[in-house]
Amino acid sequence: MAGGGNEGGDSYWPAFVDALANLVLALIFVVVVFTLALAYLSSRMAAEQAKQQLDYQRKASDERELDLLNEIARLKGLLAQMEKRRDKGEKAESATLLPKVMVVQANGSADADMVFTFEPGALELSADALGKLDAFMKGKGANSKNQKFNLIAVHSSGAFSQEKRFAYFRLLGLRNALIDRGVPSENIGTSSDGKMTLPGLQGQVRLNVGPN
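Residues numbered from 1 in each chain as written. Predicted model: local features only at pLDDT ≥ 70, side-chain atom pairs only at ≥ 80, totals over all residues. Heavy atoms only, no water.

Which parts of the structure should I look at to understand the overall build of the protein chain?
Along its length, the protein chain carries 4 helices and 5 strands. Order of helices (α) and strands (β) in the protein chain, N terminus to C terminus: α-α-β-β-α-β-α-β-β. Considering the protein chain as a whole, with its 212 residues, one finds that 24% of them fall into the buried category. Considering only intrachain contacts with a sequence separation of at least 6, the fraction spanning at least 24 residues in the protein chain is 75%. Surface summary for the protein chain: the accessible area is close to 15100 Å², and the carbon and sulfur share equals 59%. (Helix = DSSP H or I, 4+ residues; strand = E, 2+ residues; numbered from the N terminus. Buried < 20%, exposed > 50% of the residue type's maximum accessible area, 1.4 Å probe, protein only. Contact = heavy atoms within 4.5 Å. Areas by Shrake-Rupley, 256 points an atom, 1.4 Å probe, with all protein chains shown as cover.)

Is there a simple way to explain the side chain of Gln 204 in this structure?
Within the secondary structure layout, Gln 204 lies in strand β5 (residues 203-211). Residue Gln 204 is classed as buried on the basis of its relative accessible area of 13%. In terms of polar contacts, Gln 204 uses its side chain to reach the side chain of Arg 206, at 3.1 Å. (Polar contact = N/O pair within 3.5 Å; in protein donor to acceptor, adjacent residues only side chain to side chain.)

What am I meant to see in helix α3 (residues 127-140) here?
Because each turn of an α-helix spans 3.6 residues, side chains separated by three or four positions end up pointing in the same direction. Over its 14 residues, α3 extends 20 Å from the first C-alpha to the last, a length consistent with the 20 Å expected when each residue adds 1.5 Å. If you check which residues of α3 are buried, you get Ala 129, Leu 133, Phe 136 and Met 137. Across the axial projection of α3, the buried residues extend over an arc of 95 degrees, all falling on one side. Pointing more than 90 degrees away from the buried face of α3 are the exposed residues Ala 127, Lys 138 and Gly 139. (Expected span 1.5 Å × (residues − 1). Arc of directions from axis to C-beta.)

Explain the pattern of salt bridges to me, please; I cannot follow it from the model alone.
Pairing of side chains with opposite charge becomes possible as their charged atoms draw close. Evaluated as defined, the whole model comprises 3 salt bridges. Across the pair Lys 132 and Asp 128 runs a salt bridge whose closest N-O atoms are separated by 3.8 Å. Of this pair, Lys 132 and Asp 128 both sit in helix α3, 4 residues apart, roughly one helical turn. The class for Lys 132 is partly exposed, based on a relative accessible area of 35%. The class for Asp 128 is partly exposed, based on a relative accessible area of 46%. (Salt bridge = Lys/Arg side-chain N within 4 Å of Asp/Glu carboxyl O.)

Is there a simple way to explain a negative patch on the surface in this structure?
Together, Asp 62, Glu 63, Glu 65 and Asp 67 make up a negatively charged patch on the protein surface. Mapped onto the elements of the fold, Asp 67 is located in helix α2 (residues 13-96). (Patch = residues over 30% accessible without salt bridge, like charges linked within 9 Å, V, L, I, M, F, W, Y side chains within 5 Å. Lys, Arg positive; Asp, Glu negative; His and termini not counted. Charge placed at Lys NZ, Arg CZ, Asp CG, Glu CD.)

When you look at the pairing of strand β2 (residues 114-118) in this model, what are you seeing that I'm missing?
The side chains of a regular strand alternate, first on one face of the sheet and then on the other. β2 sits mainly inside the fold: 5 of its 5 residues count as buried. Alternating positions in β2 separate into two faces, Met 114, Phe 116 and Phe 118 on one and Val 115 and Thr 117 on the other, with burial throughout. The pairing of β2 with β5 spans 5 bridges and is classified as antiparallel. Bridging from a neighbouring strand, Val 115 pairs with Arg 206 of β5. (Pairing = 2+ DSSP bridges.)

Is there a simple way to think about the side chain of Gln 147 in this case?
With respect to the secondary-structure elements, Gln 147 resides in strand β3 (residues 147-154). Residue class for Gln 147 comes out buried when judged on its relative accessible area of 18%. Beyond its immediate sequence surroundings of up to four residues, Gln 147 is in contact with Lys 140, Asn 187, Val 209, Gly 210 and Asn 212.

From the geometry alone we can't say anything about function, so treat these as descriptive.
Structure (structure tokens):
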């Protein structure tokens, strides 16, 4: 028969196919194991990098916090020093700028209706000065709102700038006292005169009252 000679011969194809299949399976297994190992190592490396970055950020944050605390402590120290200097300055100023005021009633004087004479370094009106101002305003009565109050701050001729500032504060203090006693602000005129000579850097505020 035509095919009879091959029926009893050896066939090598099934063994070759089995070997090739086993080789492919082995390669697939190796690739799978390698892929899993690579994924595991990648995740470990990513986690390690994230941890290192987190540690670095935490350390940098701690350093910034420490720097901020040091800066806050430094600023607190500077503020404390400034407050001490301010307190010393205020005590020194209050010691030299006590409300030492003499009030002279200019009876029938052509210069002013009232003259407030301030001792050197004084800025505020004393209780006696305010009392005499109250008596003066009581005499004006209701007419005070219809009259013009002219205030002239007088300081020594050629006085240094601090004395000129004192003259301004004295003028402002008396103006506020008039407003507190019912005089409209628009009825109060203010000016200064530095051409006169007063003894011992004394200051004066002269008050003239006339028709509005």
